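As a plain string of letters, each chain reads:
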Amino acid sequence: MVALALILFFVSCDKEEPIPSYIHIPAFDLNVLSNGTQGSNAHNIVDAWVYVGSDFIGVFELPTTIPILKEGEQEILIVAGVKKNALSTSRVPYPFFKPYKITQKLTPALIDTLFPVVTYNSSLNFVWMEDFEDQTISMEKSGNTTTIDSMSITDLPSEVFEWDDDDNKYSGVISMDTGFQIFEHSTVKLFDLPRGGQDIYLELNFNTNTEFIVGIYPITGSVVQGVPIVNLYPTDGKWKKVYISLKEDVNSAAYQGAEFRVVFNAQTNSDGKIPKIYLDNIKLIHF
């Protein structure tokens, strides 16, 4: 019996470990329609949700190199992932991008580099887009306690958002005075947003040296109470992209029958540099 056990032990030790194939994903690209109906191709895709055949391989922060214990011709599906509400702890597959699909021959020990390109789903409704390129602003001063109306359009190259091959000439800018100030602008238009559980996202690029809030105004009567959704923080002079989910608040039973405005609010008490908030490529999207 001892001899048999030793034989089995050595047989198991001689068993070769499988050699994985690898795929490397450096980043995503986003293609948008050339007619302008989907706005800018600026994005902040940070994760790849990877499937090979019928198997879910996992979620990987980009750039990434992924070992896969399969070989030969394989159907690979890669879903673009974002940080919902700018939270690193809430990483989700973005429901508005079509998954990237490719059939790839995988070879053990070799690395294949993939460059996934995604597009928006064709069934989406882009109900509000603001890129300031027509030199008008589709928002206006709101709120009973607002002390300053300071939203304008900038064409200074050092202030205008830049991305890829976008021919951006203008961005929105909020310049606030020193001392205690309250800024608030909300959309001129009211939006009848879906309440059947469909995803609703507000996308925007921003660059700020002060904290500000993005939220909604549910309009149900003469008394309007704002709903803050996301606090956005100083970006150290860099433009960032955020995906803000509105579905959870829009579907609240308290707002049954309401229409909605999107609202931007900032309260500052600066005695130093002038608080500034830059905005661009705002999109309100739902199925």
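None of the values given here were measured: they were computed from a predicted structure.

About the criteria used
Residues numbered from 1 in each chain as written. Predicted model: local features only at pLDDT ≥ 70, side-chain atom pairs only at ≥ 80, totals over all residues. Heavy atoms only, no water. Pairing = 2+ DSSP bridges. Helix = DSSP H or I, 4+ residues; strand = E, 2+ residues; numbered from the N terminus. Axes fitted to C-alpha atoms, helices over the stretch in contact; angles between N-to-C directions. Salt bridge = Lys/Arg side-chain N within 4 Å of Asp/Glu carboxyl O. Buried < 20%, exposed > 50% of the residue type's maximum accessible area, 1.4 Å probe, protein only. Patch = residues over 30% accessible without salt bridge, like charges linked within 9 Å, V, L, I, M, F, W, Y side chains within 5 Å. Areas by Shrake-Rupley, 256 points an atom, 1.4 Å probe, with all protein chains shown as cover. Polar contact = N/O pair within 3.5 Å; in protein donor to acceptor, adjacent residues only side chain to side chain. Contact = heavy atoms within 4.5 Å. Phe/Tyr/Trp six-rings, centres within 6.5 Å; stacked < 30°, edge-to-face > 60°.

## Remarks on the sheet that holds strand β9 (residues 111-113)
Step number 1: Spatially, β5-β1-β9 is the arrangement adopted by the three strands of the open sheet, whose pairing is mixed. A strand with exactly one partner marks an edge of an open sheet, and here the two such strands are β5 (64-68) and β9. Across this sheet, the average inter-strand angle for adjacent strands is 25°, counted without regard to direction.
Step number 2: Alignment of strand β1 (residues 21-25) against β5, held across five bridges, turns out to be antiparallel. The residue bridging His24 from the neighbouring strand is Thr65, located in β5.

## Quick look at the pattern of salt bridges
Step number 1: Taken as a whole and judged by the stated rule, the model has nine salt bridges.
Step number 2: Arg91 is the salt-bridge partner of Asp47, the closest N and O atoms lying 2.7 Å from each other. Separated by 44 residues along the polypeptide, Asp47 in strand β3 (residues 47-52) and Arg91 in strand β7 (residues 91-93) bring together distant segments of the chain.
Step number 3: A residue is classified by how much of its surface remains accessible, and Asp47, at 1% relative accessible area, is buried.
Step number 4: For Arg91, a relative accessible area of 26% corresponds to the partly exposed category.
Step number 5: Residue Arg91 pairs with Glu61 through a salt bridge whose shortest N-O separation is 3.5 Å.

## Points about the sheet that holds strand β12 (residues 139-141)
Step number 1: The antiparallel open sheet is built from five strands, whose spatial order is β12-β15-β20-β17-β18. Every interior strand has two partners, whereas the edge strands, β12 and β18 (227-232), have only one. Neighbour-to-neighbour, the strand axes of this sheet turn through a mean angle of 25°, independent of strand direction.
Step number 2: Direction of pairing for strand β15 (residues 179-187) relative to strand β20 (residues 259-270): antiparallel, over a ladder of eight bridges. Paired with Ser186 across the two strands is Val263, which belongs to β20.

## Here we look at a nonpolar patch on the surface
Step number 1: A contiguous nonpolar patch, built from Tyr51, Phe56 and Val59 and spanning about 250 Å² of accessible area, is present on the exposed surface.
Step number 2: Since its relative accessible area comes to 38%, Val59 is described here as partly exposed.

## Concerning the side chain of Ser142
Step number 1: Checked against the element boundaries, Ser142 lands in the loop between β12 and β13 (151-154).
Step number 2: Relative accessible area serves as the criterion here: at 12%, Ser142 is assigned to the buried category.
Step number 3: Within the structure, Ser142 has its side chain in polar contact with the side chain of Glu184 (distance 2.8 Å).

## Topic: the side chain of Asn265
Step number 1: Mapped onto the secondary structure, Asn265 falls in strand β20.
Step number 2: On the basis of relative accessibility, which here comes to 15%, the residue Asn265 falls in the buried class.
Step number 3: Other than its neighbours up to four places away in sequence, Asn265 contacts Ile182, Phe183, Glu184, Phe212 and Ile213.

## Remarks on the packing of aromatic side chains
Step number 1: As enumerated under the stated definition, the model contains 15 aromatic pairs in all.
Step number 2: Both rings, one in Tyr94 and one in Phe96, keep their centres 5.3 Å apart while their planes meet at 65°; by these two values the pair is edge-to-face.
Step number 3: Exposure remark for Tyr94: the relative accessible area of 1% places this residue in the buried category.
Step number 4: Residues Trp239 and Tyr278 carry aromatic rings whose centres are separated by 6.3 Å and whose planes lie at 50° to one another, so their mutual orientation is tilted.

## Focus: unusual backbone geometry
The bulk of non-glycine residues show a negative phi, and the bulk of peptide bonds are trans.
Step number 1: With omega at -10°, the peptide bond leading from Leu62 into Pro63 counts as cis.
Step number 2: Along the chain, Pro63 falls in the loop between β4 (55-61) and β5.
Step number 3: Phi angles above zero are rare outside glycine, and Ala86 is one such case at about 65°.
Step number 4: Mapped onto the fold, Ala86 is located in the loop between β6 (72-83) and β7.
Step number 5: Take Ala86: its relative accessible area is 40%, and that puts it in the partly exposed class.
Step number 6: Positive phi, close to 65°, is recorded for Phe132, a residue that is not glycine.

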